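Analysis of the macromolecular model
Letter by letter, the chains look like this.
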Amino acid sequence: TTDVQTAEGSNVQMDVYPNPTSDNINININQPNEKGKLFLKLFNTIGEVVYEKELKTEQYINENISIKNFSQGIYFIELRNSNQEILARKKVIKE
């Protein structure tokens, strides 16, 4: 397993909807303090990265991801900073 560092004092808010879904997920991120690069990653239950994107560092970020062609199951969305510390993590269910 890989050690995961969570950013101390992170006040990032990440909302994911609809959940569960069979098509698209919307991700709204409110991150007032983070500087530097941000990375959005979607993992399956065995830890494989199935989606990855570098995001512009803005206070409000809206992303839409199609998971239409993904297998049914549970996925995890992580927002990480340039130090690879987790700022936010959510579970998504693909129907």
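So, here is what we can say about the structure in this document. (Residues numbered from 1 in each chain as written. Predicted model: local features only at pLDDT ≥ 70, side-chain atom pairs only at ≥ 80, totals over all residues. Heavy atoms only, no water.)

1. Thoughts on the overall build of the chain
- Secondary structure assignment for the chain yields zero helices and seven strands.
- Sequence-ordered secondary structure for the chain, helices as α and strands as β, is β-β-β-β-β-β-β.
- Sorting the 95 residues of the chain into buried and exposed places 34% on the buried side.
- By sequence separation, contacts in the chain at least 24 residues apart represent 56% of the contacts at least 6 residues apart.
- Working note: accessible area of the chain is about 6,000 Å², and carbon and sulfur atoms make up 42% of it. (Helix = DSSP H or I, 4+ residues; strand = E, 2+ residues; numbered from the N terminus. Buried < 20%, exposed > 50% of the residue type's maximum accessible area, 1.4 Å probe, protein only. Contact = heavy atoms within 4.5 Å. Areas by Shrake-Rupley, 256 points an atom, 1.4 Å probe, with all protein chains shown as cover.)

2. Some thoughts on unusual backbone geometry
- Following Tyr17, the chain continues into Pro18 via a peptide bond in cis, with omega recorded as -15 degrees.
- Mapped onto the elements of the fold, Pro18 is located in the loop between strand 1 (13-17) and strand 2 (24-30).
- Residue Pro20 is reached from Asn19 by a cis peptide bond, and omega for that bond is 10 degrees.
- With respect to the secondary-structure elements, Pro20 resides in the loop between strand 1 and strand 2.

3. Some points on the pairing of strand 2
- Residues Ile25, Ile27 and Ile29 of strand 2 are buried on one face, while the alternating residues Asn24, Asn26, Asn28 and Asn30, pointing to the opposite face, are not.
- Relative to strand 2, strand 1 runs antiparallel, the two sharing five bridges. In the strand pairing of strand 2, Asp15 is matched with Asn28.
- Hairpin remark: strand 1 followed by strand 2, antiparallel, with six residues in the connecting loop. (Pairing = 2+ DSSP bridges.)

4. Observations regarding the environment of Gly47
- Tracing the sequence through the fold places Gly47 in the loop between strand 3 (38-44) and strand 4 (49-55).
- For the pair formed by Gly47 and Phe76, sequence separation is 29 residues and the distance between their alpha carbons is 8.9 Å.

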